[in-house]
Structures are given as structure tokens and as C-alpha cells.
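Structural features, examined
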Amino acid sequence: MKKTWLSLLGLAALAACVQAEPVGEVDTVFKFLGPDHKIVVDAYDDPKVSGVACYVSRAKTGGIKGALGLAEDKAEASIACRQVGPISIAKPLAQQEEVFNERISLVFKKLRIVRMVDVKRNTLVYLTYSDRVIEGSPQNSVTAVPVDRATPIPMR
């Protein structure tokens, strides 16, 4: 029982590390009923790479559907990841791994952030895109964070 409790506590701590932190927003369309349509900017800390944060901007649908959580946000996003402190990687990384995803419609659509490792250039590459159960979107954005050659990226 104690081991299960500690495992759940560890998962909760990991989930807390990967939460989006709102940075700001701007209104794009005024709505008489419900919130306005917006562009929101959120920050995501990479849960496995200390010292790297990603900033993602995306559209957020307002109006009555948006207020009720029934709206489907557009599949367009932009990403910029930066070194925000000393980079350290505690455990080896996979060549490609999803580091975060967020629902952007009631059921079918998700915004995803994937980390890829460019071993030759010792660089972390981050891609954001959205997918949908039936049809995804080719809209995407990519950014890269070079890591000092003195700190080789450990791979699994």
C-alpha cells in the first residue's frame, strides 16, 4: 500500500512539472457573449531537461462554446524554446519523445510538443503540432536549443 501511495505521489509530482504556465494573452475578436477569442502564450518546462523552457502561442476560441469548453481551437501554434538556466539532463533521453500534450477540443484534438535529439550537433529540437483522431493538421512549428559540447546529451 505504501509503495502504491509513493508511486502515485511521484506521478503527481511529474505531472505538476509538465503543467503549462500562462505567460499572457491578447484578445483578437470581441464577443458579446462569453470570453473573446484570444492568442495565449504558455510556458512549459521540459520535465527531463533542467534549464530549458518552451513558450507556445496558440489560438483560444471564445464565445459561448469557448466558455463551456465545447469549442475546438485552431490547429495553429508557434513554439520557441530557450535555455533559461544551466542545462542538466539527469537520465538518458530517447531519440524522440513527447514531452507535453494538451486537449484543444472536447474530445478529438490535441496540441503536442515533441523533443528530438540531434546527436551530431548536440542540440535539442522541439516540434509543436496538433493532431486529430480522423485528420491531423500539417501546421507545425519547430525550434532548437543547442547544448554546450562540454555537456554531451546522454541517449538511451
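Here's a quick rundown of the structure.

Side note on the overall build of the protein
Looking only at helices and strands, the protein has 2 helices and 8 strands in total. Going from the N terminus to the C terminus, the protein shows its helices and strands as α-β-β-β-α-β-β-β-β-β. Per element, the accessible surface of the protein, about 9,800 Å² overall, is 60% carbon and sulfur.

Quick look at the nonpolar core
Core analysis: the largest hydrophobic core is formed by 21 residues, its most contacted members being Val49, Ile113, Leu124 and Tyr126. Elements supplying a minimum of two residues to this core: strand E3 (50–60), strand E4 (77–88), strand E5 (96–103), strand E6 (109–118) and strand E7 (123–132). Per-element tally for this core: the top contributor is E4, with 4 residues.

Digging into the sheet that holds E4
Here 4 strands make up an open sheet; going across it, the order is E1-E2-E3-E4 and the pairing antiparallel. Two strands in the sheet have a free side with no partner beyond their single neighbour: strand E1 (21–29) and E4. For this sheet the average axis-to-axis angle between neighbouring strands, irrespective of direction, equals 15°. Pairing of E3 with E4 involves 8 bridges; the strand directions are antiparallel. Each bridged residue has a counterpart across the sheet, and for serine 57 the counterpart in E4 is serine 78.

Basis of the calculations
Per chain, residue numbering runs from 1 following the sequence as it is written. Confidence filtering applies because this is a predicted model: local features only for residues at pLDDT of at least 70, side-chain atom pairs given and counted only at 80 or more, and all residues used for totals across whole chains, interfaces and linings. Calculated side-chain values reflect all of the structure's heavy atoms, with hydrogen atoms and water omitted. Helical segments are the DSSP runs of H or I of at least four residues, strand segments are the runs of E of at least two, and each set is numbered from the N terminus. Where accessible areas are quoted, they stem from the Shrake-Rupley method and a 1.4 Å probe; at the residue level, only the protein chains shown are allowed to cover. Put simply, a nonpolar core is a bunch of buried Ala, Val, Leu, Ile, Met, Phe, Trp, Tyr and Cys residues held in one set by side-chain atoms that sit within 4.5 Å of each other. Buried residues are those whose accessible area, probed at 1.4 Å on protein chains only, stays under 20% of the maximum for their type, while exposed residues exceed 50% and partly exposed ones sit between those limits. Two strands are said to pair when DSSP picks up at least two bridges between them. Axis lines are fitted to C-alpha atoms, over the contacting stretch for helices. Their N-to-C directions set the angle, which ranges from 0 to 180 degrees.

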